[in-house]
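Descriptive structure summary
Residues per chain are reported as follows:
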Amino acid sequence: MGELPPDDLRPDDQPSPGLPHGSPPDLPPEELPRVLVMEDDPSVRSLLHTLLDAEGYDVVTASDGLSGLVQATARPPSLVLLDIMMPDLGGMRVLQELRADPVLFDVPVIVVTGRVEAVPQLEADLGDEFVFVKPFGVSELLARVAVLTGKGSPS
Amino acid sequence: MVTDAVARQPSIDASEALLRRRDAVLMGNYGRPPLALVRGSGSRVWDANGREYLDLVAGIAVCLLGHAHPAVSAAVTRQLATLEHVSNLYASEPSIALAEQLIARLAPEQQADARVFFCSSGAEANETAIKIARRTGRTGLVAAEKGFHGRTLGALSITGQPGKRAPFEPLVPGVTFVPYGDAAALRGALTTDTAALFLEPTLGEGGVVPPPAGYLAAARAACDEVGALLVLDEVQSIGRTGSWYAHTREGVRPDVVTLAKGLGGGLPIGACIGLGSAAGLLQPGDHGSTFGGNPVVCAAALAVLGTIEAEGLLESSRALGERLARGLSELGSPLVAEVRGSGLWLAIALTGPHAPAVEAAARRAGYLVNTVAPDAIRLAPPLVLTETEADGFVAAMPGILTEAGGHG
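Residues numbered from 1 in each chain as written. Chains lettered and ligands numbered in written order. Predicted model: local features only at pLDDT ≥ 70, side-chain atom pairs only at ≥ 80, totals over all residues.

Let's talk about the overall build of chain A
Across its full length, chain A carries five helices and five strands. Along chain A, from the amino end to the carboxyl end, the secondary structure elements read β-α-β-α-β-α-β-α-β-α. Put simply, chain A has 155 residues, and 32% of those count as buried. Of the contacts made within chain A by residues no fewer than 6 positions apart, 57% connect residues no fewer than 24 positions apart. (Helix = DSSP H or I, 4+ residues; strand = E, 2+ residues; numbered from the N terminus. Buried ≥ 20, exposed ≤ 12 C-beta atoms within 10 Å, placed from the backbone. Contact = placed C-beta atoms within 7 Å.)

Examining the sheet that holds strand E7 (residues 194–199) of chain B
All names here are of chain B. Strand order in the open sheet formed by seven strands is E4-E10-E9-E8-E7-E5-E6, and the pairing between neighbours is mixed. The two strands at the open ends of the sheet, each matched to only one other strand, are strand E4 (115–119) and strand E6 (175–178). The average angle at which neighbouring strand axes cross in this sheet is 20 degrees, direction not considered. With respect to the sheet, helix H5 (residues 93–104) is in contact with E4 and strand E10 (270–274), its orientation differing from that of E4 by roughly 125 degrees. (Pairing = 2+ DSSP bridges. Axes fitted to C-alpha atoms, helices over the stretch in contact; angles between N-to-C directions.)

What about helix H4 (residues 70–80) of chain B?
Within the span of H4 of chain B, buried status applies to Ala71, Val72, Ala74, Ala75, Val76 and Gln79 of chain B. Contact partners of the buried residues in H4 of chain B: helix H1 (42–54) and helix H5 (138–148) of chain A together with H5 and helix H12 (295–310) of chain B.

Observations concerning the packing of helix H2 (residues 65–74) of chain A against helix H3 (residues 91–100) of chain A
Residues and elements named next belong to chain A. Relative orientation of the contacting elements H2 and H3 amounts to 25 degrees, with a least axis distance of 10 Å. Put simply, H2 runs roughly parallel to H3. Here H2 and H3 pass one another in a crossing that is right-handed. Seen from H2, the contacting residues are Gly65, Gly68, Leu69 and Ala72; seen from H3, they are Gly91, Arg93, Val94, Glu97 and Leu98. Here the residues of the contact of H2 with H3 are counted per class, giving four nonpolar, three polar and two charged. (Parallel < 35°, antiparallel > 145°, perpendicular 65-115°, else oblique. Left-handed = near helix turned anticlockwise from the far one by under 90°. Nonpolar A, V, L, I, M, F, W, Y, C, P; charged D, E, K, R; others polar.)

A short note on the sheet that holds strand E5 (residues 131–133) of chain A
Residues and elements named next belong to chain A. Spatial ordering of the open sheet is given by E2-E1-E3-E4-E5, a layout of five strands whose pairing is parallel. Bordering the open sheet on either side are strand E2 (58–62) and E5, each of which pairs with just one other strand. Each strand of the sheet is rotated relative to its neighbour by a mean of 15 degrees, with strand direction disregarded. Where strand E3 (residues 79–83) and strand E4 (residues 109–113) come together, four bridges link them in parallel fashion. Within E4, the position partnered with Leu82 by the bridge is Val111. Contacting strand E1 (34–38), E2 and E3, H2 runs over the sheet at an angle of about 165 degrees to E1.

Examining the interface of chain A and chain B
Across the contact, 16 residues belong to chain A and 19 residues belong to chain B. Taken together, the residues of the side of chain A that touches chain B break down into nine nonpolar, five polar and two charged.

Focus: the pairing of E3 of chain A
Residues and elements named next belong to chain A. The buried fraction of E3 is high, at five of five residues. Along E3, one buried face is formed by Leu79, Leu81 and Asp83 and the opposite face, lined by Val80 and Leu82, is buried too. The sheet contact formed by E1 and E3 spans four bridges and is parallel. Its bridge partner lying in E3, Val35 is registered against Leu79. You can see the chain leave E3, run along H3 and come back into E4, and the turn it takes is right-handed. (Right-handed = clockwise from strand over helix to strand, strands pointing away.)

Focus on the environment of Gly174 of chain B
Along the chain, the position of Gly174 of chain B falls in the loop between helix H8 (162–165) and E6. Beyond its immediate chain neighbours, meaning those up to four positions away, Gly174 of chain B contacts Thr139, Gly140 and Leu141 of chain B.

Brief notes about unusual backbone geometry
Note the cis peptide between Lys134 of chain A and Pro135 of chain A, where omega equals -5 degrees. When you line up the elements, Pro135 of chain A lands in the loop between E5 and H5. Cis peptide bonds are those with omega within 30 degrees of zero, and the linkage from Glu169 of chain B to Pro170 of chain B qualifies with 5 degrees. Position of Pro170 of chain B relative to the elements: it lies in the loop between H8 and E6. At Lys146 of chain B, a position not held by glycine, the phi torsion is positive, near 70 degrees. Assignment of secondary structure puts Lys146 of chain B in the loop between strand E5 (140–144) and helix H7 (153–157). Residue classification places Lys146 of chain B among the partly exposed residues on the basis of 18 C-beta atoms within 10 Å. At Val208 of chain B, a residue that is not glycine, the phi angle is positive and equals roughly 50 degrees. Exposure remark for Val208 of chain B: the 27 C-beta atoms within 10 Å place this residue in the buried category.

Okay, structure coming up:
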């Protein structure tokens with residue numbers, strides 16, 4: 001610890017003096033597909049954030065529908081991962097709001113739901129490939145996100 | 001790797017070569033392993049000779065998501081490139097998030113005043129619990145015969161296996177051992193000098209032995225009668241029994257819960273959760289752990305919790321454990337006395353001390369299992385074990401048992 005120069009503690013946004021480590025790893029977010037994760041379960045939200053970030057997406061998260069809509073409006077995402085069962089503003093209402101929005105109406109939305117009885121209607125409205133039932137295979141979900149954001153090819 | 005090994009035709013194989021290097025530099029406390037492993041994927045591992053095994057040991061009940069799981073890998077890689085270690089002189093988000101999530105998995109009425117201490121192993125988590133117990137002002141401890149809580153001196157002091165304790169005595173004084181599963185013996189041993197009762201919800205190293213129904217509830221009541229803490233050692237059970245904590249399935253409220261093994265998905269972690277008044281007994285300066293709450297390790301644990309939650313692995317592993325136990329029981333082998341345990345934390349109890357022979361025969365057949373007692377084989381596979389893999393093991397067991405019977 002003692003051998004490090006004090007200026008090694010600089011914030012990430014300041015230039016490095018050429019040390020072989022410590023360069024900011026982030027690419028400019030505007031070049032990355034932006035995925036908005038709306039999920040109230042913190043462990044699943046954190047997992048999706050980690051995995052999508054590792055796959056090279058610009059990830060933003062929301063723990064409820066209202067703050068998710070605020071984020072979507074502030075900066076339109078390339079894709080929304082939407083949990084149906086959320087506090088305050090549920091996923092079905094979020095879906096309606098997104099579809100009615102003049103900017104966000106055509107943003108792809110993958111819904112993730114534990115409500116099995118809602119699945120047939122969701123699949124009819126959105127298409128099978130946009131509906132995941134909890135519990136879901138995380139790798140399958142990532143593969144679908146990749147296809148819909150143009151980062152991967154359909155399997 | 002197999003091709004290379006065959007092409008060069010070495011005088012000793014690659015696994016043996018690694019073991020000889022090991023013998024020259026590592027202490028002899030573990031005995032000589034039968035294999036050197038070099039790679040894993042899911043529930044499978046490969047030895048240095050390229051031979052594949054189905055891993056039903058999982059690093060001694062550790063790798064809940066198996067080997068090289070992409071979620072753990074991504075979480076660790078991402079955190080390592082962001083912030084790898086800060087000590088406890090500073091706060092870091094992964095340990096806070098992990099503590100929040102461990103508390104959120106307790107019974108709702110226990111969450112408000114629960115607090116978490118992070119460390120690097122189960123033994124260290126139990127050492128923490130012993131120090132919490134000492135902070136009650138009492139010094140007596142009660143623990144179970146055949147129980148296991150770790151190898152460090154404090155944890156060893158409450159480990160009910162005399163052979164492990166004897167070479168290192170004198171240990172922490174004031175420990176009374178009672179037969180596991182005997183509620184009357186518990187009530188007799190607990191006094192107003194007892195600081196804490198340490199119990200596993202199922203004996204782990206003692207042979208995966210569940211207690212009689214109602215035992216943990218009786219332990220709770222006995223502790224309440226004398227004002228002692230109930231410490232539940234869930235080091236091995238975390239995530240393995242079909243619920244996050246074994247005690248929630250039993251409906252029992254502990255004062256302290258210790259965790260480790262599976263929580264980190266293969267990275268070294270321990271946690272001690274204090275509930276209610278026990279959460280506040282340690283004072284500033286009382287305890288610490290350099291690597292406790294390490295951001296990389298906590299990021300791995302968060303990936304483990306998130307993946308188990310998203311993929312419904314608690315439920316599926318419980319069903320798979322029942323399928324595995326049923327399949328093994330129905331073999332009707334004269335060497336098998338019973339299959340016990342729950343979820344993917346099982347023991348095949350044998351009719352005699354055949355476990356080493358069964359373990360060796362299983363290994364020759366491509367299955368890694370663990371001799372937890374001379375007459376018991378432990379199965380603690382990853383939760384991502386598939387039905388096909390489990391069925392394959394059951395189908396191979398008659399041949400394994402026949403071979404072991406011949407050699408046993």
